[in-house]
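Read off the chains here:
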Amino acid sequence: MMNKIEARNICKQFQNLEVLKGIDLEVAEGEVVAVIGPSGGGKSTLLRCLNKLETIDRGSIVIDGETLVKDTSSGVEYAPEKDSRRIACKMGMVFQQFNLFPHMTVLENLIEAPVQVQKRNKEEVIREAEALLAKVGLLDKRDVYPRKLSGGQQQRVAIARALAMKPSIMLFDEPTSSLDPELTGEVLKTMRELAEEKMTMVVVTHEMGFAREVATKVVFMADGHVQAQGTPQEIFENPSNERLKAFLNVILK
Amino acid sequence: MDYIIRIIPQMLEGSIVTAQVFFITIVLSIPLGVLLSLGRVSSIALLQKVIGLYVWLLRGTPLMLQLFFVYYALPAVGIRLDDFEAALVAFVLNYAAYFCEIFRAGIQSVPQGQYEAARTLGMDYVQTMRRIVLPQVFRLILPPVSNETITLVKDTSLVYVLAMNDLMRTTRNLVQRDFDITPFLVAALFYLVATLLLTMLFERLEKRFSRYDQ
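First, a word on what this report is: a plain description of the structure on this page. (Residues numbered from 1 in each chain as written. Chains lettered and ligands numbered in written order. Predicted model: local features only at pLDDT ≥ 70, side-chain atom pairs only at ≥ 80, totals over all residues.)

Turning to the overall build of chain B, a few remarks are in order. Secondary structure assignment for chain B yields 8 helices and 0 strands. Across chain B, helices and strands are ordered from the amino to the carboxyl terminus as α-α-α-α-α-α-α-α. Expressed as a percentage of its 214 residues, the buried residues of chain B come to 32%. In chain B, the proportion of contacts linking residues at least 24 apart, taken out of those at least 6 apart, comes to 76%. (Helix = DSSP H or I, 4+ residues; strand = E, 2+ residues; numbered from the N terminus. Buried ≥ 20, exposed ≤ 12 C-beta atoms within 10 Å, placed from the backbone. Contact = placed C-beta atoms within 7 Å.)

All right, on to the overall build of chain A then. The secondary structure content of chain A amounts to 9 helices and 11 strands. For a compact globule of 253 residues, the expected C-alpha radius of gyration is about 18 Å, and chain A comes in at 18 Å, within 12% of that figure. For chain A, the proportion of its 253 residues judged to be buried stands at 48%. Sequence-distant contacts, at least 24 apart, represent 62% of the contacts inside chain A between residues at least 6 apart. (Rg over C-alpha atoms; globule rule 2.2 N^0.38 Å.)

Turning our attention to the packing of helix 3 (residues 63-73) of chain B against helix 4 (residues 83-108) of chain B. All names here are of chain B. Orientation of helix 3 relative to helix 4, taken along the N-to-C sense of each, is 135 degrees, at an axis distance of 9 Å. One way to sum up the angle between helix 3 and helix 4 is to call them oblique. Between helix 3 and helix 4 lies a crossing whose hand is right-handed. Taking contact as the criterion, the partners of L63, Q66, L67, V70 and Y71 in helix 3 are, on helix 4, D83, A86, A87, V89, A90 and N94. Grouping the constituent residues of the contact of helix 3 with helix 4 by class yields 8 nonpolar, 2 polar and 1 charged. (Axes fitted to C-alpha atoms, helices over the stretch in contact; angles between N-to-C directions. Parallel < 35°, antiparallel > 145°, perpendicular 65-115°, else oblique. Left-handed = near helix turned anticlockwise from the far one by under 90°. Nonpolar A, V, L, I, M, F, W, Y, C, P; charged D, E, K, R; others polar.)

Across the contact, 17 residues belong to chain B and 20 residues belong to chain A. At 6 residues, helix 5 (residues 112-120) of chain B tops the list of elements feeding residues into the side of chain B that touches chain A. In terms of residue class, the side of chain B that touches chain A is made up of 6 nonpolar, 6 polar and 5 charged.

Further remarks concern the sheet that holds strand 2 (residues 17-28) of chain A. All names here are of chain A. Sheet architecture is open: 5 strands sit in the order 2-1-4-5-6, paired in antiparallel fashion. Looking along the sheet, the strands with just one partner apiece sit at the ends: strand 2 and strand 6 (75-78). Strand-to-strand, the axes of this sheet are offset by a mean angle of 15 degrees, without reference to chain direction. Relative to strand 2, strand 1 (residues 3-14) is paired through 9 bridges, and the arrangement is antiparallel. Paired with A7 across the bridge in strand 2 is L25. Contacting strand 1, strand 2 and strand 4 (58-63), helix 1 (residues 43-50) runs over the sheet at an angle of about 120 degrees to strand 1. Across the sheet, helix 2 (residues 81-88) lies against strand 4, strand 5 (66-72) and strand 6, angled at about 120 degrees from strand 5, the strand it touches most. (Pairing = 2+ DSSP bridges.)

All right, on to the nonpolar core then. In terms of nonpolar packing, the biggest core is built from 120 residues, with A:V33, A:A34 and A:V35 touching the most fellow members. Of all the elements, helix 4 of chain B adds the most residues to this core, at 14 residues. Setting aside residues no more than four positions away along its own chain, A:V35 makes contact with A:K43, A:L46, A:V202, A:V203, A:V204, A:V219 and A:M221. (Core = buried A, V, L, I, M, F, W, Y, C linked by C-beta atoms within 7 Å.)

Buried within helix 2 of chain A are the following residues: A:S84, A:I87 and A:A88. Looking straight down helix 2 of chain A, one finds that the buried residues subtend no more than 95 degrees of arc, so they occupy a single side. In this structure, the buried residues of helix 2 of chain A make contact with strand 4, strand 5, strand 6 and strand 7 (91-94) of chain A together with helix 5 of chain B. (Arc of directions from axis to C-beta.)

Glancing now at the environment of A:T205. All names here are of chain A. In this structure, T205 sits in the loop between strand 9 (200-204) and helix 7 (208-213). The exposure class assigned to T205 is buried, which follows from the 23 C-beta atoms found within 10 Å. For the pair T205 and D173, spaced 32 residues apart in sequence, the C-alpha separation works out to 7.1 Å. When residues no more than four places from it in sequence are discounted, the contact partners of T205 are A34, I36, E174, F210 and A211.

One can expect most non-glycine residues to show negative phi and most peptide bonds to be in trans. All names here are of chain A. Positioned with a positive phi, Q15 is a non-glycine residue whose angle comes to about 45 degrees. Here Q15 is to be found in the loop between strand 1 and strand 2. Phi is positive for F98, close to 65 degrees, though the residue is something other than glycine. On the secondary structure map, F98 appears in the loop between strand 7 and helix 3 (106-116).

Residue and element names in this part refer to chain A. Bridge count between strand 5 and strand 6: 4 bridges; the pairing is antiparallel. Its bridge partner being in strand 6, V69 is matched across the sheet by Y78. Remark: 2 residues form the turn of the hairpin made by strand 5 and strand 6, two consecutive strands paired antiparallel.

Along the polypeptide, B:Q112 turns up in helix 5. Overall, the presence of 11 C-beta atoms within 10 Å leaves B:Q112 in the exposed class.

Turning next to the sheet that holds strand 10 (residues 217-222) of chain A. Pairing between the strands of a sheet is mediated by backbone hydrogen bonds and can be parallel or antiparallel. Residue and element names in this part refer to chain A. Spatially, 6 strands are ordered 7-8-9-3-10-11 in an open sheet, and the strand pairing comes out mixed. A single partner strand is all that each edge strand has here, and the edge strands are strand 7 and strand 11 (225-230). Between one strand axis and the next, the sheet turns through 15 degrees on average, direction left out of account. Sheet topology note: the strand 3 (residues 32-36)/strand 9 ladder contains 4 bridges and is parallel. Across the sheet, residue V32 finds its bridge partner in strand 9, namely M201.

See below:
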């Protein structure tokens, strides 16, 4: 089966700080990959490189069979701006800070890009958006502005907004990290449902319960390297890597 | 009272010039200010610097001096404008500099996450600015824009120095002709009514555009 994401030897430096030191990541169709690890280990940066929110210094990224960026002897070469934008938006992205558009209602947030970017029929998009809102349990909030919603509700709207673009991959950048503990459950439940529908997902998370129960593959990153990867069982029950053991000891104590 | 009724038609006539300068300046300087601010926040270093210099020059010298410059100095390089055109050029260039700074501050106060969300949804620069950033900026900048607009109402009286028959000069002529200071009071009332109307307009706009963060 073709990989949905194939990232090879990703290197990324901010000024003098090497954040990613040659990362390989493969995500097959329908896979749910949880990326875990200590803060500052490069997890979010890796995710942001996949959809070109950050540009990489070395390496190659192929999304759904299309080359976003490739390595050449004289540095990396990105697909032309228009193509790379199109390739990047095959991946829906959910942010830690939700980033809903505050001047639009919930429904307007959902239909904005499908109508403006994909130029799809507005009535049809509205029907689909309503179905998505029903799915995340927020249809009654369709005409409300984001500020009126709780963090958990905003994040579910953000997930629905990303899904409205019909992405083939979903990226989650610490989707529950800025939520109050009692609100993380509703967001994780929505993500779990997505996983059950065989959506291909890459989730940067500190929720070990989610990584253990929902992920099909767990990637442990620290110091800009992938230190270990495998099934949740391999990572959580029989960790062999020393850094991973230390990390799990602290986080699961 | 009779006297006031007698001078009102003349003062209204003067107000037409004032109103023309005001409206044309607003209509031209706001879009110009938006364009300048986009250049000011762009990633092109040279453009940023040039616009920065422009803003510094236009905000750093008196508007009256700029009026004189456009009217008296530009003919030396072959650009000859009549008094009304010269006034408009000076006002538009000057106010665009102020609006540029207001919009720049507004654009920079929109969080980076908004741009990133737009980008992950496949929006290009124009779509991001037009649909996501500028509508949010618009609400933020209403109070300072309201301020500038009210200042402009009063600044129009500077065209006096180009001998244009605006409300101010008409008033002064009446005072000198009739040896009566009543026209000054009437003029004050005219300006006050204009600024009151603008204040009310901006209050309504602010209310309308603040609906989403109540």
